[in-house]
Amino acid sequence: MNENFDRAPGAGRTRGAPADPALAVNARDGDAKASVLNQREPLRQPRSVPPFPESSINATELGYYDDSESYSESYYSDSSLADTVTDFLAHLSSSPGSFESDVEEITSMLNSWVTTEDLLKELVELIFTQSTAIPNFSYTGARLCNYLSHHLALCPQSGNFRRLLLQRCQTEYEQRNVAIRGSPEAQKKFHSFVLFLGELYLNLEVKSGKEAPNRADILLLALKDLLESLLSHPVDANLICAVKLLKLTGSILDDAWKKSGKPHMEELVRRIETVLLDATCSRDVRQMLLKLVELRSSDWGRVSSAAAASNATPDNDPNYFMNEPTFYTEDGTPFTAADPEYAEKYQELLEKEDYFHDAYGENGNEEYDIEDEMDPEIEEAYENFCLESEMKRQQ
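An unreviewed UniProt entry lists the protein under the name Polyadenylate-binding protein-interacting protein 1, from Xiphophorus couchianus. One UniProt comment on the protein, placed under Subcellular location (unreviewed entry), says "Cytoplasm".

### Section: the overall build of the protein
Of the regular secondary structure elements, the protein holds 15 helices and four strands. Buried residues in the protein amount to 46% of all 395 residues. A fraction of 72% describes how many contacts in the protein between residues 6 or more apart in sequence connect residues 24 or more apart. For the protein, the computed accessible surface area is about 20,600 Å², with 47% contributed by carbon and sulfur atoms.

### Concerning helix H6 (residues 138-151)
The terminal C-alpha atoms of H6 lie 20 Å apart, and with 14 residues this matches the ideal 20 Å at 1.5 Å per residue to within 8%. Buried residues dominate H6, accounting for eleven of its 14 residues. Residues of H6 that are buried: Ser138, Thr140, Gly141, Ala142, Arg143, Leu144, Cys145, Asn146, Tyr147, Leu148 and Ser149. Residues of H6 that are buried sit in contact with helix H3 (81-94), helix H4 (99-113), helix H5 (117-133), helix H7 (161-173), helix H9 (184-203) and strand E1 (205-206).

### Thoughts on the packing of aromatic side chains
One pass over the structure, following the stated rule, counts three aromatic pairs. Geometrically, the ring pair formed by Phe128 and Phe196 is edge-to-face, given 6.0 Å between the ring centres and 85° between the ring planes. Placement of Phe128 in helix H5 and of Phe196 in helix H9 is noted, with a sequence separation of 68 residues between them. Comparing Phe128 with Phe196 shows no difference in burial state: the two are buried. Aromatic pair Phe190 and Phe193: ring centres 6.2 Å apart, planes at 40°, arrangement tilted. Linking Phe190 with Phe193, this pair stays in helix H9, spanning three residues, or about one helical turn. Taking the relative accessible area as the measure of exposure, Phe190 reaches 2% and is therefore buried.

### Observations concerning helix H13 (residues 283-297)
Over its 15 residues, H13 runs 21 Å from end to end, which matches the ideal 21 Å to within 8%, given 1.5 Å per residue. Those residues of H13 lying buried are Asp284, Val285, Arg286, Gln287, Met288, Leu289, Leu290, Leu292, Val293, Leu295 and Arg296. Backbone geometry just downstream of H13 places Asp299 in the positive-phi region, at approximately 60°.

### Examining the packing of helix H12 (residues 264-278) against H13
Two numbers describe how H12 lies on H13: the axes approach to 10 Å, and their chain directions differ by 150°. When the axis of H12 is compared with that of H13, the two are roughly antiparallel. Here H12 runs over H13; the crossing is left-handed. Along its contact with H12, which presents Met265, Glu266, Val269, Ile272, Val275 and Leu276, the element H13 presents Arg286, Leu289, Leu290, Leu292, Val293 and Arg296. Each residue belonging to the contact of H12 with H13 can be placed in one class, and the counts come to nine nonpolar, no polar and three charged.

### Examining the confidence of the model for the protein
On average, residues of the protein score 74 in pLDDT, and 61% of them are at 70 or above. In this model residues 7-77 is a low-confidence stretch, pLDDT under 50, and it forms 123 contacts with partners more than four residues away in sequence or in other chains.

### Structural notes on a negative patch on the surface
A cluster of like negative charges, contributed by Glu377, Glu379, Glu380 and Glu383, occupies part of the molecular surface. Considering the arrangement of structural elements, one finds Glu380 in helix H15 (residues 376-394).

### Considering the pattern of salt bridges
Overall, the coordinates contain eleven salt bridges when judged by the stated rule. Linking Lys121 and Glu117 is a salt bridge whose minimum nitrogen-to-oxygen distance equals 3.2 Å. With Lys121 and Glu117 both in helix H5, this residue pair falls four residues apart, about one helical turn. On the accessibility criterion, Glu117 (27% relative accessible area) is partly exposed. Among the salt bridges present, the one from Asp255 reaches Arg302, with a minimum N-O distance of 2.8 Å. One end of the pair, Asp255, is in helix H11 (residues 236-259); the other, Arg302, is in the loop between H13 and strand E3 (327-328), and 47 residues separate them in sequence.

### Describing unusual backbone geometry
At Asp299, a position not held by glycine, the phi torsion is positive, near 60°. Position of Asp299 among the secondary structure elements: in the loop between H13 and E3. The class for Asp299 is partly exposed, based on a relative accessible area of 32%. One non-glycine residue, Trp300, lies in the positive phi region at around 60°. Tracing the chain through its elements places Trp300 in the loop between H13 and E3. A relative accessible area of 10% means that Trp300 is categorised as buried.

### Regarding the side chain of Gln130
Position of Gln130 among the secondary structure elements: in helix H5. A relative accessible area of 10% means that Gln130 is categorised as buried. If near-sequence neighbours (up to four positions away) are discounted, Gln130 is found in contact with Leu89, Ala90, Ser93 and Phe137.

### Regarding the packing of H6 against H9
The N-to-C vectors of H6 and H9 enclose an angle of 45°; their axes lie 8 Å apart at closest approach. With respect to H9, the element H6 is oriented oblique. Our pair here, H6 against H9, has a crossing hand that is right-handed. Contacts from Ser138, Tyr139, Gly141, Ala142, Arg143, Cys145 and Asn146 of H6 reach H9 at Phe196, Glu199, Leu200 and Asn203. Across the contact of H6 with H9, the residue classes break down as five nonpolar, four polar and two charged.

Conventions adopted
Residues numbered from 1 in each chain as written. Predicted model: local features only at pLDDT ≥ 70, side-chain atom pairs only at ≥ 80, totals over all residues. Heavy atoms only, no water. UniProt positions renumbered as here; feature names shortened; annotations may be inferred. Helix = DSSP H or I, 4+ residues; strand = E, 2+ residues; numbered from the N terminus. Buried < 20%, exposed > 50% of the residue type's maximum accessible area, 1.4 Å probe, protein only. Contact = heavy atoms within 4.5 Å. Areas by Shrake-Rupley, 256 points an atom, 1.4 Å probe, with all protein chains shown as cover. Expected span 1.5 Å × (residues − 1). Phe/Tyr/Trp six-rings, centres within 6.5 Å; stacked < 30°, edge-to-face > 60°. Axes fitted to C-alpha atoms, helices over the stretch in contact; angles between N-to-C directions. Parallel < 35°, antiparallel > 145°, perpendicular 65-115°, else oblique. Left-handed = near helix turned anticlockwise from the far one by under 90°. Nonpolar A, V, L, I, M, F, W, Y, C, P; charged D, E, K, R; others polar. pLDDT = per-residue confidence, 0-100. Patch = residues over 30% accessible without salt bridge, like charges linked within 9 Å, V, L, I, M, F, W, Y side chains within 5 Å. Salt bridge = Lys/Arg side-chain N within 4 Å of Asp/Glu carboxyl O. Lys, Arg positive; Asp, Glu negative; His and termini not counted. Charge placed at Lys NZ, Arg CZ, Asp CG, Glu CD.

Structure follows, in structure tokens:
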């Protein structure tokens, strides 16, 4: 990619210094988190604290309080930026519905606290780490990044919050060709970053004067490169990540590329078709790829204006459920709201940490429960797809 992340529209002309190296954030103990949230008091303006020295975030600072220790007492007597932000992110992770009611208060506090470039970089690192390390936090993390990019007042010479965030994303992005061929753990970490970047593209607004907000075009270019990298090394884990990213952003990417007259989505679909014909991916992943190709051929499940009439019901409109998302059970079986057992299957997904959590074992290795025979409907669709592709090649 010829442009840097920090050259996003509206982000200014001065290039910022590279972001600090990623800082480790320890996983929190579940019981302690519950204790923290149960005892949480309304946030107040913190007392003044000196700027952090270099490498100030460490395992001790990011640890949880003991259950025996009063949260409010510890919070006000020995708090730090890392403690406060990490507690707030944990609160949002467990109660994402509180975002609207809490974000203004925490932003006001951060504006009085984050007064130096070093503190701003630490804030970016904390949010980036949480958004790429905690399952199902990428959406809330992207929303928080968008809000802070418009409401944090500090704008040092190296750049504002958005520019430093994009620089941090660029650091991870530049490792893509190594990460997709790395260890299972490295791949899993990279895949979390890819999905966060997808959420960031959907949620990060770039405002310019009185015009309507736009998306960051630089992220659009990055997502294309990331998808190409994932498909260039078609192991199951990379393909699953590509499917999830396209189900999340496919319609938006397709529209943006069509508007600019670029055939990027057609190129990606052709690469997926090549993977289906040539790659040795598992049957479960092959089914997912086939469903993805079908989804794109139906314009990502979007219905026409006539079919979307307010009086449409499952009984009088055969396309009623087409705009519903497609989910996958643990064994790779797709289902939507049209499925009679939708409620039961969806509840099972909610009880899991992540839709594809079981694709990785405890040791980080991939594990798939593959049936001896392909589903008859999927097998027929795959055979038809192979015949059509061979006919196209002969022509």
